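Structural description and commentary
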Protein chains: 2
Amino acid sequence: MGLTKTIYVGPFAHCVSLQELDICVDGAIGVDESGKIAFVERDVPTDYEPSKEGWSGAEIIRIGDNGFFFPGFIDTHIHASQYPNAGIFGNSTLLDWLNTYTFPMESSFKDVNFARRVYTRVVSRTLSHGTTTACYYATVHVPATNLLSDICLEKGQRAFVGRVCMDRLSPDYYRDESVESTIADSRACIEHVKKIDPQHALITPVITPRFAPSCTDESLCALGELHKETQFPVQTHISENKAEIELVKELFPKSKHYTDVYDEAGLLTSKTILAHCVHLSKDEQSIIKQRGAKISHCPASNTAITSGTAKVRELLEAGLTVGLGTDVSGGYSPSILEEVRQAILVSRHVAMDHGDPAKLSTEESLYLATRGGARVVGLEDKIGGFDVGMDWDAQMISLGSVPEDGEMGELEGPVDIFLQESFADRVNKWVYNGDDRNTTSVWVKGRLVHRKN
Amino acid sequence: MGLTKTIYVGPFAHCVSLQELDICVDGAIGVDESGKIAFVERDVPTDYEPSKEGWSGAEIIRIGDNGFFFPGFIDTHIHASQYPNAGIFGNSTLLDWLNTYTFPMESSFKDVNFARRVYTRVVSRTLSHGTTTACYYATVHVPATNLLSDICLEKGQRAFVGRVCMDRLSPDYYRDESVESTIADSRACIEHVKKIDPQHALITPVITPRFAPSCTDESLCALGELHKETQFPVQTHISENKAEIELVKELFPKSKHYTDVYDEAGLLTSKTILAHCVHLSKDEQSIIKQRGAKISHCPASNTAITSGTAKVRELLEAGLTVGLGTDVSGGYSPSILEEVRQAILVSRHVAMDHGDPAKLSTEESLYLATRGGARVVGLEDKIGGFDVGMDWDAQMISLGSVPEDGEMGELEGPVDIFLQESFADRVNKWVYNGDDRNTTSVWVKGRLVHRKN
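Residues numbered from 1 in each chain as written. Chains lettered and ligands numbered in written order. Predicted model: local features only at pLDDT ≥ 70, side-chain atom pairs only at ≥ 80, totals over all residues. Heavy atoms only, no water.

This is how the line gets drawn: UniProt positions are given in the numbering used here, feature names are shortened, and annotations may be inferred rather than shown by experiment.
Going by the annotation in an unreviewed UniProt entry, the name recorded for chain A is Guanine deaminase, with Neodothiora populina given as the source organism. We quote the UniProt Function (unreviewed entry) comment for chain A here in full: "Catalyzes the hydrolytic deamination of guanine, producing xanthine and ammonia." Database annotation for chain A, UniProt heading Catalytic activity (unreviewed entry): "guanine + H2O + H(+) = xanthine + NH4(+)".

**What to know about the overall build of chain A**
Heads up, the rule is: Here a strand is any run of E in DSSP of at least two residues, a helix any run of H or I of at least four, and the numbering for each starts at the N terminus. Radius of gyration means the value over C-alpha atoms here, while the globule rule gives 2.2 Å times the residue count to the 0.38 power. Buried residues are those whose accessible area, probed at 1.4 Å on protein chains only, stays under 20% of the maximum for their type, while exposed residues exceed 50% and partly exposed ones sit between those limits. Any pair of residues with heavy atoms lying within 4.5 Å of one another is described as a contacting pair. For the purpose of charge, His is not counted, nor are the chain termini; Lys and Arg are scored as positive and Asp and Glu as negative. A charge is said to be at NZ when it belongs to Lys, at CZ for Arg, at CG for Asp and at CD for Glu.
In terms of helices and strands, chain A carries 13 helices and 20 strands. Over its C-alpha trace chain A gives a radius of gyration of 22 Å, about what one expects of a compact globule, namely 22 Å for 453 residues. Among the 453 residues that make up chain A, the fraction classed as buried is 68%. Sequence separation of at least 24 residues holds for 72% of the intrachain contacts in chain A that already meet a minimum separation of 6. Between the mean site of the 44 positive side-chain charges and the mean site of the 63 negative ones, chain A shows a separation of 3 Å.

**Regarding the relation of the copies chain A and chain B**
This is how the line gets drawn: Copy-to-copy alignment: least squares on C-alpha atoms, limited to residues at pLDDT 70 or above in both.
For the match of chain A to chain B, the screw axis carries a shift of 0.0 Å, the RMSD comes to 0.0 Å, and the turn is 180°. A rotation of that kind, with that shift, is consistent with a two-fold axis. Using C-alpha coordinates, one finds that chain A approaches the rotation axis most closely at His349 of chain A, a distance of 3.7 Å. Both copies share a contact surface, since 100% of the interface residues of chain A are interface residues in chain B too.

**Structural notes on the nonpolar core**
As a reminder of what qualifies: In this description, a nonpolar core means a group of buried Ala, Val, Leu, Ile, Met, Phe, Trp, Tyr and Cys residues linked to one another through side-chain atoms lying within 4.5 Å.
Counting residues in each nonpolar core, the largest one holds 156 residues, and the members touching the most others are Trp430 of chain A together with Trp430 of chain B. Once you skip the residues sitting within four places of it in the chain, Trp430 of chain B turns out to touch Phe68, Phe70, Phe73, Leu337, Arg341, Leu366, Ile397, Leu399, Val415 and Asn438 of chain B.

**Thoughts on the pairing of strand β3 (residues 37-41) of chain A**
Along any regular strand, the residues point their side chains to alternate faces of the sheet. Residue and element names in this part refer to chain A. In plain terms, the rule: For two strands to be treated as a pair, DSSP must find at least two bridges joining them.
In this sheet, β3 lies alongside strand β2 (residues 21-31) in antiparallel orientation, the contact comprising four bridges. Note on β3: the bridge partner recorded for Val31 is Ile37. Hairpin remark: β2 followed by β3, antiparallel, with five residues in the connecting loop; positive phi at Gly35, about 85°.

**Here we look at the pattern of salt bridges**
Residues and elements named next belong to chain A. Keep this limit in mind: Basic side-chain nitrogens of Lys or Arg form a salt bridge, by our definition, when they fall within 4 Å of a carboxyl oxygen of Asp or Glu.
Per the stated rule, a full pass over the model turns up 58 salt bridges over all chains. One salt bridge connects Lys282 with Glu314, and the closest N-O pair in it is separated by 3.5 Å. With Lys282 in helix α8 (residues 282-291) and Glu314 in helix α10 (residues 312-317), this pair connects stretches of sequence that are 32 residues apart. On the basis of relative accessibility, which here comes to 58%, the residue Lys282 falls in the exposed class.

**Here's the deal with the sheet that holds strand β14 (residues 294-297) of chain A**
Residue and element names in this part refer to chain A. Note the following rule: Lines fitted to the C-alpha atoms define the axes, with helices restricted to the stretch that makes contact. Angles between their N-to-C directions range from 0 to 180 degrees.
Ordered in space as β12-β13-β14-β15, the four strands form an open sheet in which the pairing is parallel. The sheet terminates laterally at β12 (234-238) and β15 (321-324), the two strands that pair on one side only. Strand-to-strand twist of the sheet, defined as the mean angle between neighbouring strand axes without regard to direction, takes the value 30°. Bridging between β14 and β15 involves four bridges; their strand directions are parallel. Its bridge partner being in β15, Lys294 is matched across the sheet by Thr321.

**Some remarks on the UniProt feature "domain: Amidohydrolase-related" (unreviewed entry) in chain A**
Sites flagged by UniProt as "domain: Amidohydrolase-related" (unreviewed entry) map to residues 70-449 of chain A. Taken as a whole, residues 70-449 of chain A contains 42% helix and 17% strand, while its terminal C-alpha atoms sit 15 Å from one another.

**Quick look at the interface of chain A and chain B**
How we decide: Buried area: the accessible area, evaluated with a 1.4 Å probe, that two parts lose upon being put together, summed over both parts. The definition of a polar contact used here is a pair of N or O atoms within 3.5 Å, where within protein one atom must be able to donate a hydrogen and the other to accept one, and adjacent residues in sequence count solely through side-chain atom pairs.
Between chain A and chain B, the contact holds 68 residues from the first and 68 residues from the second. Here chain A meets chain B over a buried area of about 5,600 Å², counting both sides, of which 51% is carbon and sulfur. The largest per-residue losses of area from chain A upon contact with chain B belong to Arg117, Arg121 and Phe418 of chain A, which jointly make up 14% of the total buried on that side. Inspection of the region where chain A meets chain B yields twelve salt bridges. The residue Asp436 of chain A makes a salt bridge to Arg437 of chain B at a minimum N-O spacing of 2.9 Å. There are 40 residue pairs in polar contact (both at pLDDT 80 or more) connecting chain A and chain B.

**Describing the packing of helix α4 (residues 179-196) of chain B against helix α5 (residues 217-230) of chain B**
Residues and elements named next belong to chain B. Spelled out, the test is: For classification purposes, an angle smaller than 35 degrees is called roughly parallel, one larger than 145 roughly antiparallel, one from 65 to 115 roughly perpendicular, and anything else oblique. Here is the rule for handedness: rotate from the far helix to the near one, and if that takes an anticlockwise turn smaller than a right angle the crossing is left-handed, while a clockwise turn gives right-handed. Residue polarity follows a fixed list, in which Ala, Val, Leu, Ile, Met, Phe, Trp, Tyr, Cys and Pro are nonpolar, Asp, Glu, Lys and Arg are charged, and the others, Gly among them, are polar.
Packing of α4 against α5 leaves a shortest axis separation of 9 Å and a crossing angle of 30°. As summarised for this structure, α4 and α5 are arranged roughly parallel, according to the angle between their axes. Handedness of the α4/α5 crossing: right-handed. Residues Val179, Thr182, Ile183, Ser186, Arg187 and Ile190 of α4 pack against Glu218, Ser219, Ala222, Leu223, Leu226, Glu229 and Thr230 of α5. Across the contact of α4 with α5, the residue classes tally to six nonpolar, four polar and three charged.

**Here's the deal with helix α4 (residues 179-196) of chain A**
Residue and element names in this part refer to chain A. So the rule is basically this: A helix is expected to reach a length of 1.5 Å times the quantity of its residues less one.
For α4, built from 18 residues, the straight-helix expectation of 26 Å at 1.5 Å per residue is met to within 8% by its first-to-last C-alpha distance of 26 Å. Taken together, the buried positions of α4 are occupied by Val179, Ser181, Thr182, Ile183, Ser186, Cys189, Ile190, His192 and Val193. Where the residues of α4 are buried, they touch α3 (142-155), β9 (164-165), β10 (203-205) and α5 (217-230).

**A look at unusual backbone geometry**
Residues and elements named next belong to chain A. Geometrically, the link from Val328 to Ser329 is a cis peptide bond, its omega value of 5° lying close to zero. Along the chain, Ser329 falls in the loop between β15 and α11 (336-354). Positive phi, close to 45°, is recorded for Leu169, a residue that is not glycine. Inspection of the secondary structure puts Leu169 in the loop between β9 and α4. For Leu169, a relative accessible area of 52% puts it in the exposed group. In this structure, His276 takes a positive phi of about 95° despite not being glycine. Structurally, the position occupied by His276 is in strand β13 (residues 272-276). Under the relative-accessibility criterion, His276 is labelled buried at 1%.

**Regarding the sheet that holds strand β6 (residues 73-79) of chain B**
Residues and elements named next belong to chain B. With respect to topology, four strands assemble into an open sheet ordered β6-β7-β8-β10, the strand pairing being parallel. Only two strands of the sheet have a single partner each, and these edge strands are β6 and β10 (203-205). The average undirected angle you get between the axes of adjacent strands in this sheet is 15°. Note: β6 against strand β7 (residues 131-137), five bridges, orientation parallel. Within β7, the position partnered with Asp75 by the bridge is Ala134. In this fold helix α3 (residues 142-155) packs onto β7, β8 (158-162) and β10, with an angle of close to 180° to the strand it touches most, β8.

And the structure:
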């Protein structure tokens, strides 16, 4: 990669536990040639110069008082192919939304040129929002899915890329033709990733049954076998919407419940990412916990298409692992920062019905977006925080400051700091009013992958 | 003002009823020297040139395909003095939030220099979000409140400016000293506005009892008298939070309910703006309807500080008039576009409990932000739409377009248009992902008051 040793000097913040945001006002984080964090120093002087042996020639990147380094965001659930529909869903709910908006859009990815245009924009756009890792759903198409892997690798975004599997209750114009083609096409996408990134340094294939209603028992079981054989992770949807849950009951009359459908097919393991989990029963939570499967909470989507409110506090207290997902385009925004906000806001709606303990704090929601997401994708030893030995997947956050005369400058960002704010208050201001304008640089594995001018 | 006749050529959209957004793809709107809309033409050619008598020398402002003119937003409830706290509220609810964050911040407006810095920024910032009319709460301080009126006038924002009245249950360091000082100070602010803008072309004073718990019976009645005498409008809070409602019951044991407190004091008239209305009883709705008082719905705030969900559909069906308010800083954002989004999202939470009819559409929420707000402030004949005879209070909205290669440009805005979208879909994309970057010009009464470069 040709990286040089780099030391990031200035304030940084990262989550050290669900409740605790560690804020270091005068830090220095050394990142080695492989993009790994070699040391983290605190209480360094403003004019810090490297003193450690072997670091004298290191590049130094400083951040001013009104900014801080923060771990890159992890989007644990995003449909790259639905991005052109972001914000378009009207008053629909899940099942009619799929037929009205989603399937027609996804089917157009048989055109590789259209796919290139959209996927290029999605990867650039999510990087600009500080998303350093994304779990993508592509479409059923092999060439377009492989192109998404290529683009992520080229632009340097860490990604899990899944070809969508769907062989029933899908429109004639957009579906897998058979169980055999489901598996063959999934294998083709896996082989492509193994070829372009053999160590899965950045790109990992992910086995992606769309959701139970879209898959026959046979294809679910065959995908379970593929998971067992390849050990690549699984992603799917579960318990998003009440009509969907009823449909699963009808389609799988022998299964105890929705979770059981995946469990019986061998698709519920410690490498499974389950999106939504809005209406899970206690029994389902318990089985998910036993299997070690993970949860992607998608609050913007759950509100936008009126699916319901996931009970995140309850899930956390049941010992489940939770991260955040934008769920574009059920979710309208490609920004995990928006999702952090929405996770907090949705938790307040839960609190209105279930009491104050349901509320997620800013710190907790940021944890879900970073460390939580890292655990969801099985990379908690590599990303999500600034610990020695982790990869430098990070964003530089810069906030605006209001001058004495109060006037606005050109190209003013969305966050106004008056300078009497504590550092914790500044983080809150960023969470509530910040956007991609505040994300001025983004790195993955030490490589600069986005910069604002 | 030295305005020249101007014709705005290109697509425009405005609400013609609660349900209907009128989209005109090829419009031409003529605005005369007084800032009034003189004509609205449709189906004009792209190379439109003025043909009407007297308009041959008019300035022409054209907007490209990826943009449209839209009425300026009306923020029917914003605390200008709380803006430095935007995004800072932690897990608090109304009554503790007031004591922890709000009163200390507001008290610092005894320093006029601080007030100038904050108010300058608030007016610039809200203009940049397309807010052409704002109903401001200032603080108890006369000089700072008058300064806010001055700044609005200078920057050209239409504003209702209220000195906050509070003579009980307020901290020693921040309160009115007596009923007499409440009235004298309110009069002083009214007189100031009468001096700087005698016709109230832009600035109108508004009588502002903070909320019932902050005011003695005597001051409420005296303010009711002042309203009757001056005929200036009234703004206050009502039924925001359950603990607040209990407190009002205790403090006003003889009143039938919260609404009755204001009604008995002569503060509930057709010129009254009531913020929140989250937990109103049917009886209260009915009295508000009878008196013709108006409602400011503040969804972001109601969620952020866990006040509850206002039942907007129910209020509308009861024949009440509703507009939107940011309620900075109970609300975290100075943007009415964010409030449009939040109104839709909160209505979905209401729908989860009360059924689908509760959902507000994009069109309905935009109506609340424009025509609805105009009715709330009593200016429905002047602002909120593009009807002949109305003032040109407008914003130019510009959306981004994704090039064939999909790559992002510098300073890319937040909305990606792929060009297969219908105009209505573009409006939805703006509502869900747009921000102040898309508001490229703003006019009030024909005067350009904000422009992005």
